[in-house]
Amino acid sequence: MTFAQPLFLLGALAALIPLLVHLFDRRRPRPLPFGAIAFVLRSQRRTASRLKLRRLLLYALRTLILLAIPIALARPQFRRDAQAAALARGPAATSIVLDASLSMRYDTGQGTLFEKGRELARAALRDLRAEEPANVVVCAPNAQPPGAPLFDRGRLRSIIDDAKPTFQPADLNRCLELAARSLEESPLAAKRIVLISDFTQNAFHLEAPAPTVKGPNGEPLRPEVILRDAAGGQKALPNRAIVDLRIEPALQAGPRTFQFTVTARNFSDEAMNDVEASLRLGDQTVSKGFLELPAHGTAQKVLTWRFEDGGTFRGAVALSGDGLREDDVRPFVLQVPKEIRALVVNGAPSSVRYRDEAFFVDAALSSQGSPVRESMRDAAAAFREDFGQYDLLYLLNVAAPPPDVAAKLVAFVENGGGLFISMGDHVEPEAWNQALGAILPRPLRLVKTAAVPGEEEAAAHAAKLGQIDLGHPIFSPFTGQAGEGLVSARFYKYMLLEANGEKGQGAQILATFDDGAPAFALARRGKGRVVLFTSTVDRDWSDLAIRTSFLPLIQRTSSFLTGSLEEREEMRVRVGGTVTLRPEGNQQPAEIRAPSGEAVTHKANEDGTITTGPALEPGVYEVRDGRGQAIASLTFAAVLDPAESDLTRIQMDALESWFGEATVKHGDGANGDEPRVPLWTWLIAAAAAAFFFEGVLLRK
Amino acid sequence: MILDAHTLSKLHGVKLRARAVMEGVLSGLHKSPHQGQSVEFAEHKEYAPGDEIRHIDWKAYGKFDKYYVKRFEHETNLRAVMLIDGSASMGYRSDPAGMTKLEVAATLAGALSYLLVRQQDAAGLAVVAGDRIGEIPPRAAAGHLNLLLDELERLEPHGTTRLFDAADLLAEKLSRRSLVIVLSDLFDDRADALKRLLQLRQRKHDVAVFHLLDPAELTFPFDDPTMFLSMEDDRRIEVNPREIKQSYLEEFGAFLDEVKRTCAAADVEYERVLTDQPLDQVLLRFLGRRQGGRG
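For clarity, every value in this text was computed on a predicted model and none was experimentally measured.

Cut-off values and rules
Residues numbered from 1 in each chain as written. Chains lettered and ligands numbered in written order. Predicted model: local features only at pLDDT ≥ 70, side-chain atom pairs only at ≥ 80, totals over all residues. Heavy atoms only, no water. Contact = heavy atoms within 4.5 Å. Buried area = accessible area lost by both parts, 1.4 Å probe. Salt bridge = Lys/Arg side-chain N within 4 Å of Asp/Glu carboxyl O. Polar contact = N/O pair within 3.5 Å; in protein donor to acceptor, adjacent residues only side chain to side chain. Helix = DSSP H or I, 4+ residues; strand = E, 2+ residues; numbered from the N terminus. Pairing = 2+ DSSP bridges. Axes fitted to C-alpha atoms, helices over the stretch in contact; angles between N-to-C directions. Parallel < 35°, antiparallel > 145°, perpendicular 65-115°, else oblique. Left-handed = near helix turned anticlockwise from the far one by under 90°. Nonpolar A, V, L, I, M, F, W, Y, C, P; charged D, E, K, R; others polar. Core = buried A, V, L, I, M, F, W, Y, C linked by side-chain atoms within 4.5 Å. Buried < 20%, exposed > 50% of the residue type's maximum accessible area, 1.4 Å probe, protein only.

Some thoughts on the interface of chain B and chain A
Then, in step 1: With 27 residues of chain B at the contact, the number on the chain A side is 21 residues.
Then, in step 2: By the criterion of area lost to chain A, the three top residues of chain B are B:Ile237, B:Glu243 and B:Glu251, representing 25% of everything that side buries.
Then, in step 3: Here B:Glu251 and A:Arg42 are joined by a salt bridge, their closest N and O atoms 3.6 Å apart.
Then, in step 4: At the junction of chain B and chain A, the tally comes to 10 residue pairs in polar contact (both at pLDDT 80 or more).
Then, in step 5: Listing elements by their share of the side of chain B that touches chain A, those giving two or more residues are helix H8 (215–219), strand S8 (226–230), strand S9 (236–239) and helix H9 (241–265) of chain B.
Then, in step 6: It is H9(B) that contributes the most residues to the side of chain B that touches chain A, eight residues altogether.

And the structure:
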């Protein structure tokens, strides 16, 4: 503690006055013979202990008054040890490193850690001696070298005032290195780094070397380090966060129904019960649930919502808030597919329903939850239709179309239409290759018969599916037991395809038979997609149609071919990352706006895509065209890095060892806290209170 | 005429003061306190010519067949003994221009003596001071008054209060029904002293208490630190009076209440007398009560 006006402390000697008065006041009381002395004696005996206490209190209060006033006038101030040491060592060039990572947004109830950190930074600046130059490093992910330490306190103060916390982790190692390098630019021998942070474990990499500065002879020296804890020495900062959000269509619950699987993690030592998880669309909360989060554990909650119409939806999933609210919200942008209009071209109709080529496909597409609204025609009728009114065509065991129809089909696919082709007895490879070779994934070769249905051991000789690309959106649900219905299917006949030729470039084999022949082949042609199934969708060549996997396979293939399966994947980017937008048709993005309304830089690439970012804040980013109209399909969400939600505090011992224990000083919360009300005010208040109570005692 | 204490204190000697008080009292009375004579049988005497025939005791003649004449002693209306507490504490006076409690007691006793003797009542005196108990038996003779007044004149406060012993003495000496007038501050360390004194009432004596107090004892008007000295022994205490005033007043109030309650319980007339009060008024009030209450 130091005093601004130490001479006033001499006044504290006045506190001895009551004692001296007590010791030397030997005035002889007036003797008085008194008749009723017995009553005086009795009264004195009765009040003796009370009077003694009263006299003691009076003495204490008077001493307090006479002591508090001169000390208050002397203006006492708390000073940190580090400052006292600095006074002894001489002036030091100082670099103030202020942690601006996401975790500094933690709100303790009395303001955020960053606000506290900013106060500590201002206090550090105030504490500098006039001959000590300084600079400030606001430790954001893109922190720049701060420049040589300077004496312009106003400028440094404005850097601190303007500093804002980011939404990203901060690399304190790098910031300390920047600070150390900048200190080398000062001619002063002593160097000092003041580090203001919440000291979370993730912010430091203690495996890397600690910062050093060059000494007079070029030798590395450890600077003095003052650690100021914005979290005020709290052992832990309890936090929970949404660490993952998976959005998937829930076809079983109907078309345009999605399930939002929220994964939340508790980073604290105590379990958290009844944590509310809610799904918000726009400003409206549409679904809620509760989570039980064990200590340092995770829990999942599935929230389901059915969208009435297709379109682009923005929303968020949120947990009930805690100190760090930012990581309790996970924004998303979701493209909900519109209804798929499909034309099923039945190449082998039959009056016996179950013998009809399209019987099983029709059943799959018209089932509950199907996103498809189908129209069924025979080949002749279908080829007269305007394909433009459909999103998807099914060609089921159809003979090769005439050239004009083939041209319509190619144009349909290249303009973005989806085409599903299945084989059958009506399919002639040569004719097909000639008519639709431009869009087939691979040219057709010939039909292979693995077994004849009904013959002995036909099932044993029939082909099965071999390799299946389970990573592809069409097959991704068929993992584990769910794939049983797929691998158990028997295929008696199937069309062999040519090896990858020139025309076959870009084809992707999604599944093969056990002999390696392709079963499902995919090709992107223009803006459209074509899936070729080399067997039949009725029971003529295979029994896949009666397997449990058939229905989801057909529905997912339909969704995939119209582009709605991938689009249902959440479009998101990590905060700090860049995103590549793929404009379609005549979409011409002109500006990208962050959730706060700030413009985000973007760059057009040669392939027509646009790279934008970095996205510096979480939330939904809006893409607008030249007329300012929002392009809904390009809207995307930026989400936080869940690593920064872990607010586990670093072991200060380890940190001190890293810096070098001899060089570390603590500007702990107590010292860092400049009292809002100066100490002298409290002293004056105490003196006034003592004066009041003395008066009360004297009146008694 | 009202005789205030200051005026009275300027009169030198108990005789003057007592007379002044008595005259004040007489001028305040509306009728004579003289209540007529009574006679009391003394002895028989054989009849001789010249004796009053109406005094012949015919019952004795019946028994002895001789004429006896009753002889009667001419008696006063009343026998009164004034018991004065002459202890050192009675010598206290807070106002140097005023009277001590003992002077007030002597003045009251003197005035009462005047009044008693004037109406041919017998007046006696008992003074208790330390070890000494002085006594002048009650008589109605005019010359007796001077004796009483001289004794009162000579009173000097000394010794401790010994009401207990005085009570014993009076109980022993007073063979006939008497009026005992106690003049004291009642500061007796023996808790049951007053009760003992009031037991005289049980012996058919009439008892009246003049409780003499100095105003300072009642109000404790001291401010500066004071060394209080006992007037009867060597006790002393240094206190800040302001600190104990409240407690003192409570203690003293309780003492006064106790005295008053005890007197009432014993059917004893109680009169609190402050040394700055007009004494003729005190006596008038006392006599008025006796005329009305006891006849």
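Okay, back to it.
Describing the sheet that holds S9(B)
Across a sheet, paired strands are connected by hydrogen bonds in the backbone, their directions being either parallel or antiparallel.
Then, in step 1: Across the sheet, three strands lie side by side as S2(A)-S8(B)-S9(B); this open sheet has mixed pairing. Looking along the sheet, the strands with just one partner apiece sit at the ends: strand S2 (30–34) of chain A together with S9 of chain B. Taking each pair of neighbouring strands and ignoring which way they run, the sheet shows an average axis angle of 25°.
Then, in step 2: Pairing geometry for S8(B) and S9(B), over four bridges, is antiparallel. Across the sheet, B:Leu229 pairs through a bridge with B:Arg236, a residue of S9(B).
Then, in step 3: Where helix H2 (residues 37–73) of chain A meets the sheet, its contacts fall on S2 of chain A together with S8 and S9 of chain B, and the angle it forms with S9(B) comes to roughly 55°.

Concerning the sheet that holds strand S7 (residues 206–213) of chain B
All names here are of chain B.
Then, in step 1: Strand order in the open sheet formed by six strands is S5-S4-S3-S6-S7-S10, and the pairing between neighbours is mixed. What marks the edges here is a single partner per strand, and that holds for strand S5 (132–139) and strand S10 (269–274). The average undirected angle you get between the axes of adjacent strands in this sheet is 15°.
Then, in step 2: Here strand S6 (residues 179–184) runs beside S7; their pairing, made up of six bridges, is parallel. Looking at the pairing, Ser-184 lines up with His-211 of S7.

A few points about the packing of H2(A) against helix H17 (residues 679–699) of chain A
All names here are of chain A.
Then, in step 1: Between H2 and H17, the shortest axis-to-axis distance is 8 Å and the interhelical angle comes to 150°. Relative to H17, the element H2 is oriented roughly antiparallel. As H2 runs across H17, the sense of the crossing is left-handed. Residues Arg-54, Leu-57, Leu-58, Leu-61, Arg-62, Leu-64, Ile-65, Ala-68, Ile-69, Ile-71 and Ala-72 of H2 form the contact with H17, whose participating residues are Trp-680, Leu-683, Ile-684, Ala-686, Ala-687, Ala-690, Phe-691, Phe-693, Glu-694, Leu-697 and Leu-698.
Then, in step 2: Residue composition of the contact of H2 with H17, by class: 19 nonpolar, no polar and three charged.

Describing the packing of helix H4 (residues 113–127) of chain A against helix H5 (residues 153–162) of chain A
Residue and element names in this part refer to chain A.
Then, in step 1: Where H4 meets H5, the axes come as close as 10 Å, and the angle between the chain directions of the two elements is 170°. As far as their axial angle goes, H5 and H4 are roughly antiparallel. Two secondary-structure elements touch here, H4 through Arg-118, Ala-121, Arg-122, Leu-125 and Arg-126 and H5 through Arg-153, Leu-156, Arg-157, Ile-160 and Asp-161.

Quick look at the nonpolar core
Then, in step 1: Among the nonpolar cores identified, the biggest contains 48 residues, and A:Phe34, A:Val40, B:Phe228 and B:Phe252 are the most heavily contacted of them.
Then, in step 2: With seven residues, the top contributor of residues to this core is H9(B).
Then, in step 3: Leave out the neighbours within four places in its chain, and A:Val40 touches A:Phe34, B:Phe220, B:Phe228, B:Ile237, B:Val239, B:Ile244 and B:Tyr248.
Then, in step 4: Membership of the second largest hydrophobic core comes to 43 residues, among which are A:Ala124, A:Leu237, A:Leu581 and A:Val600.

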